[in-house]
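This is what each chain is made of:
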Amino acid sequence: MDSLTNNIVYIDTVFENQKKVIYKVENLLTRKSRSIAFRIDRYNGNYPFYDKIILTKNNLTIQSAYEKKSCSIEQINSKDL
């Protein structure tokens, strides 16, 4: 959680049959969110372990041993509809 921007990162959904887990970053004030999907495979188990989660004012980056994904979160921090 980032108390300055009111953003929180959490596991939203796990789809065992689709072999993916969805991480979500949500702004608790605007209630807007963005998601990043990671695959579940024999290398990372049912819940992919991550090496790093970097949450800045404008980006979320999650890195596991096998993949790295980022997304812009500028629009979830915007109070505009």
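None of the values given here were measured: they were computed from a predicted structure.

Caption draft 1: Expanded view of the confidence of the model for the protein chain. Averaged over every residue, the pLDDT of the protein chain is 86; the share at 70 or more is 91%. When pLDDT is averaged over each helix and strand of the protein chain, the minimum, 88, is found for strand 4 (residues 50-55) and the maximum, 94, for strand 6 (residues 68-72).

Caption draft 2: A look at the nonpolar core. Val 21, Tyr 23, Val 25, Ile 36, Phe 38, Leu 60, Ile 62, Cys 71, Ile 73 and Ile 76 together form the largest nonpolar core, which totals 10 residues. Secondary structure elements with two or more residues in this core: strand 2 (20-27), strand 3 (33-39) and strand 5 (59-64). Among the elements that line this core, the one with the most residues is strand 2, at 3 residues. Excluding residues that lie within four positions of it along the chain, Ile 73 makes contacts with Asn 7, Val 25, Arg 34, Leu 55, Thr 56, Lys 57, Asn 58, Asn 59 and Leu 60.

Caption draft 3: How the structure looks around the sheet that holds strand 5. Strand order in the open sheet formed by 3 strands is 4-5-6, with antiparallel pairing between adjacent strands. Looking at strand neighbours, the two that pair on one side only are strand 4 and strand 6, the edges of this open sheet. When strand polarity is set aside, the average angle formed by the axes of neighbouring strands in this sheet is 10°. Direction of pairing for strand 4 relative to strand 5: antiparallel, over a ladder of 5 bridges. Looking across to strand 5, one finds that Leu 55 is bridged to Leu 60.

Caption draft 4: The sheet that holds strand 2, seen in detail. Taken in spatial order, the 3 strands line up as 1-2-3 in an open sheet, and their pairing is antiparallel. At either margin of the open sheet sits one strand with a lone partner, and together these are strand 1 (7-15) and strand 3. If you compare each strand with its neighbour and ignore which way they point, the axes differ by 25° on average. One ladder, built from 7 bridges, connects strand 2 with strand 3; its direction is antiparallel. Bridging across to strand 3, Tyr 23 finds its partner in Ile 36.

Caption draft 5: Region of interest: unusual backbone geometry. For Asn 6, which is not glycine, the phi torsion reads 65° and is therefore positive. The residue Asn 6 is located in the segment before strand 1 in this model. Exposure remark for Asn 6: the relative accessible area of 21% places this residue in the partly exposed category. Phi is positive for Arg 31, which is not a glycine, with a value near 65°. Considering the arrangement of structural elements, one finds Arg 31 in the loop between strand 2 and strand 3. Judged by relative accessible area, Arg 31 falls into the exposed class, the value being 55%.

Conventions used here
All residue numbers refer to position in the chain's written sequence, counted from 1. Only residues with pLDDT of at least 70 get local features here, since the model is predicted, and only at 80 or more are side-chain atom pairs given and counted; chain-wide, interface and lining totals rely on the full set of residues. As a rule here, side-chain values come from all non-hydrogen atoms in the structure, and water together with hydrogens is ignored. Here pLDDT means the predictor's own confidence in every residue, given as a number from 0 to 100. A helix here means a DSSP run of H or I that spans at least four residues, while a strand means a run of E at least two residues long, and both kinds are numbered starting from the N terminus. Side-chain atoms within 4.5 Å are what join buried Ala, Val, Leu, Ile, Met, Phe, Trp, Tyr and Cys residues into a set we call a nonpolar core. Exposure classes here rest on a 1.4 Å probe applied to the protein chains alone. A residue is buried below 20% of its type maximum, exposed above 50%, and partly exposed in between. Should any heavy atoms of two residues lie within 4.5 Å, those residues are considered in contact. Paired strands are those between which DSSP finds at least two bridges. Note on definitions: angles span 0 to 180 degrees between N-to-C directions of axes, and those axes are lines fitted to C-alpha atoms, for helices only across the stretch in contact.

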